[in-house]
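Descriptive analysis of the structure
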Amino acid sequence: MASLGVDSEQEPLLGDTTPGSREWDIIETEEHFKSRWRSIRILYLTMFLSSVGFSIVIMSIWPYLQKIDQTADASFLGWIIASFSLGQMVASPIFGLWSNYRPRKEPLIVSIFISVAANCLYAYVHVPASHNKYYMLAARGLVGFGAGNVAVIRSYIAGATSLQERTSSMANTSACQALGFILGPVFQTCFALIGEKGVMWDVIKLQINMYTAPVLLGAFLGILNIILILTVLREHRVDDSGRQCKNINFEEASTDEVQVPQGNIDQVAVVATNVLFFVILFIFALFETIVTPLTMDMYAWTREQAVLYGGIILAALGVEAVIIFMGIKLLSKKIGERALLLGGLIIIWVGFFVLLPWGNQFPKIQWKDLHNNSIPNTTFGEVIITLWKSPREDHSEEPTGCPVEQAWCLYTPMIHLAQFLISAVLVGIGYPSCSVMSYTLYSKILGPNPQGVYMGWLTASGSAARILGPVFISQVYTAWGPRWAFSLVCGMVVLTITLLGVVYRRLIAFSVRHGRIQE
C-alpha cells in the first residue's frame, strides 16, 4: 500500500491526474487510483452523450414533425419538446434509488439501452400509417427517461471523490454536459448535407436522411457507451477525506475499507439547495426561450436572422460556460463554493436588471395582421418554431417588428442591442457558476452516504424548471411585455439571494458539520 493523492484543483480540465502529486492521509493503491479515475472519466463521456442526445435533433424536430404528420401543430410541438424533461424528471429518482442498492452499472446500462431503443423508434416514426406524432412524442419522452441517468452519474462522482477533488470533478462533468449541448446542433448541421430524401434501406425499411441520421448516430454512440461501462467502469467509493469506504454497490468487500461515517444529513440545507438549483435552471431556461422572440420584436429581425444570430449568441454562451467551468476550480479554492454561488446569483440579477427597457426609443411596430414568432399565450411550443423554418423560404415579404397584437409594443421602450448583449454575457457568467456550485455543495452536504435518491430529486427539480421556465415567460412576456417579465425575474433572483443568505451557514460539508474535517 502507498500513500497517494492528487491535487485536483490544479489539474487541467479533463486532464490526467497523476498520483503522488500531494500527500494526503489516504491509503490507496496505484491500481485502485487509476481504476477510480478511469471510471469517473467514463461517466464524463456518458454525461456528454446524454446532452448530445437532447440537442442533436433539436433543430430538425419541427420540419420532421410537419413531414410525417400533417395534423401536428405548434401546441403539440411544445409537448414533444417538454416530453424530454418530463421523462427525465420521472426517471431521475427511480434510477437514483436503484443506484443506492445495486451496482450502478445496472441503472446506467438500462437507461442507455432505453435511449438507444428510443432513438431507433424516432428513426421509424415515419413508417406507421397514422398517429405518427404520438410515436415521436413517445420516442422523445423515452430519450428523456434514459437521460435520467444523470442522477446516477452525479451520485457516482460525488461518492468516488474526496472533498478536495469534488469541485474539480463536478466542473468537468458540467463542461462535458455543456460541450454536448454545443456540439449536438453542429452534428445536426453536418447531417443536413444528406438532405430530406437521403437513402432507403429497403430490407429493414430504414430511411437514412437529415432527420434520422443524427438519432442513428446517437444510438451507435450509446452502444459504444454501454460497452465501455461494461468493460471499464468499476464501483468505487471514498469518504470526504478520500479513504476507501465500504461499498454497498460492490459485491466484494475489502479489509482496507473503512465504514461510512454516521450522522444526520441537514435536511434544511438539502431542501434549500434543491430550491436554489430549480431557480437557477428556471431562469436560464426562460432566457434561452426569450432570445428569438425578443430579438424579432425589438430589432425587427426576420425569422432567418433571429435563428442565425440567436444561434450564434447561444453557441457563444456555451463556449463561455466551458471557459467558466475551467476557471471555477481555482476560484473555488480561493474564495469557496458558497461565495461563488452568491456571486453568480448577483451577476444574474445584474444581467436581467440591465435588460429592463428604458429611454424614448420604441421598437418598430408590425401593423400587418401576421402571427409572427413571438411567444403565444396558450403554449410555449411556438416559441421555437423559428428554429425549424426552412432557409429556402422566401421571406422578402415577411413583416417584421413588434406585433400590434401585443399592446405593450406601443408604449414600452425598446431594449437596445448593447443591453441585450451585455445581459447575455452576464447571464453566461452567472449561470454556469451557480449551476456547478449548487450541486457541488449539494453533494458535500449529503456526505459519504449513498446519494442516488437525493441526486435524483435534484435532477428532477432541474427538469421541472426547464418545463416551467418557458411556460412562465410565454405568459408574462406576451401579456405584459419585457418590463414586467424581467422585473419579476429580478425579484425572483432577489428572493433567491435572500434564501441563500438565510441558509448560508448551513451549506457546509457533512464531515465539516460533524467536526471530522476542518473547513
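Heads up: the structure comes first, above all this text.
Model, not experiment: these values are computed from the prediction. (Residues numbered from 1 in each chain as written. Predicted model: local features only at pLDDT ≥ 70, side-chain atom pairs only at ≥ 80, totals over all residues. Heavy atoms only, no water.)

Digging into the overall build of the protein
Our working definition: Numbering of helices and strands starts at the N terminus; helices are DSSP runs of H or I of at least 4 residues and strands are runs of E of at least 2. Only protein chains enter the accessibility calculation, which uses a 1.4 Å probe; a residue is then buried when its area is under 20% of its type maximum, exposed when over 50%, and partly exposed in between. When checking whether two residues touch, look at their non-hydrogen atoms; a contact exists if any pair is within 4.5 Å. For the accessible areas, the method is Shrake-Rupley and the probe is 1.4 Å, while residue cover comes only from the protein chains on display.
Each helix and strand counted, the protein has 15 helices and four strands in total. Going through the 519 residues of the protein one by one, you find that 58% of them count as buried. Excluding contacts between residues fewer than 6 apart, the proportion of contacts in the protein whose partners are at least 24 apart in sequence is 81%. In the form shown here, the protein has an accessible surface area of approximately 21,400 Å², with 65% of it arising from carbon and sulfur atoms.

Focus on empty space enclosed by the protein
Operational definition: Within this scheme a cavity is a closed region of a 1 Å grid, computed over the protein atoms alone, that accommodates a 1.4 Å probe without allowing it to escape, whereas a pocket is open but has protein on both sides within 12 Å along at least five of seven lines; lining residues each have an atom within 4 Å of a point. Grid points are joined across faces, edges and corners, and a volume is the space filled by probe spheres set on the points. Gly is put with the polar residues, along with every residue not named as nonpolar or charged; the nonpolar set is Ala, Val, Leu, Ile, Met, Phe, Trp, Tyr, Cys and Pro, and the charged set is Asp, Glu, Lys and Arg.
Counted by the stated rule, this structure contains four cavities of 30 Å³ or more. By volume, the largest cavity is sized at about 240 Å³. Forming the walls of the largest cavity are 17 residues, and the residues nearest its centre are Leu49, Ser50, Gly53, Ser115 and Gly218. When residues of the lining of the largest cavity are traced back to their parent elements, those giving at least two are helix 1 (30–55), helix 4 (105–123), helix 5 (132–146) and helix 8 (213–231). At five residues, the largest contribution of residues to the lining of the largest cavity is made by helix 1. In terms of residue class, the lining of the largest cavity is made up of seven nonpolar, 10 polar and no charged.

What about unusual backbone geometry?
Most peptide bonds take the trans configuration, and most residues that are not glycine carry a negative phi. Phi angles above zero are rare outside glycine, and His131 is one such case at about 60°. In this structure, His131 sits in the loop between helix 4 and helix 5. One non-glycine residue, Ala300, adopts positive backbone phi at about 55°. Checked against the element boundaries, Ala300 lands in the loop between helix 9 (267–299) and helix 10 (303–335). A relative accessible area of 22% places Ala300 in the partly exposed class.

Structural notes on the packing of helix 9 against helix 11 (residues 337–354)
Keep this limit in mind: Orientation is described by axes fitted as lines to C-alpha atoms, over the contacting stretch for helices, and by angles from 0 to 180 degrees between their N-to-C directions. Just so you know how the angles are binned, under 35 degrees is roughly parallel, over 145 roughly antiparallel, 65 to 115 roughly perpendicular, and the rest oblique. Take the far helix as the reference: if the near one is turned anticlockwise from it by less than a right angle, the crossing is left-handed, and if turned clockwise, right-handed.
Running from amino to carboxyl end, helix 9 crosses helix 11 at an angle of 30°, the nearest separation of the two axes being 12 Å. As the angle between them shows, helix 9 and helix 11 are arranged roughly parallel. When the axes of helix 9 and helix 11 are compared, the crossing they make is left-handed. In this structure, helix 9 contributes Leu276, Ile280, Ile283, Leu286 and Phe287 to the contact, and helix 11 contributes Leu341, Leu345, Ile348 and Phe352. Classifying every residue of the contact of helix 9 with helix 11 gives nine nonpolar, no polar and no charged.

Quick look at a nonpolar patch on the surface
Rules: Excluding any residue in a salt bridge, patches collect residues exceeding 30% relative accessible area, merging like charges within 9 Å and nonpolar Val, Leu, Ile, Met, Phe, Trp and Tyr side chains within 5 Å. The salt bridge definition used is simple: a Lys or Arg side-chain nitrogen within 4 Å of an Asp or Glu carboxyl oxygen.
Among the surface-exposed residues, Phe220, Ile223, Leu224 and Ile227 lie close enough to one another that they form a single nonpolar patch of about 360 Å² accessible area. Within the secondary structure, Ile227 is located in helix 8. A relative accessible area of 45% places Ile227 in the partly exposed class.

What to know about the side chain of Asn149
Inclusion rule: For the purposes of these results, a polar contact is taken to be a pair of N or O atoms within 3.5 Å, where, inside protein, one atom must be able to donate a hydrogen and its partner to accept one; residues adjacent in sequence count only when each atom of the pair is a side-chain atom.
Summarising the element assignment, Asn149 is placed in the loop between helix 5 and helix 6 (150–159). Its relative accessible area of 3% is what places Asn149 among the buried residues. Polar contacts involving the side chain of Asn149 include one to the side chain of Ser111, which spans 3.0 Å. Apart from the residues within four sequence positions on either side, Asn149 is in contact with Thr46, Ser50, Phe95, Leu108, Ser111 and Ile112.

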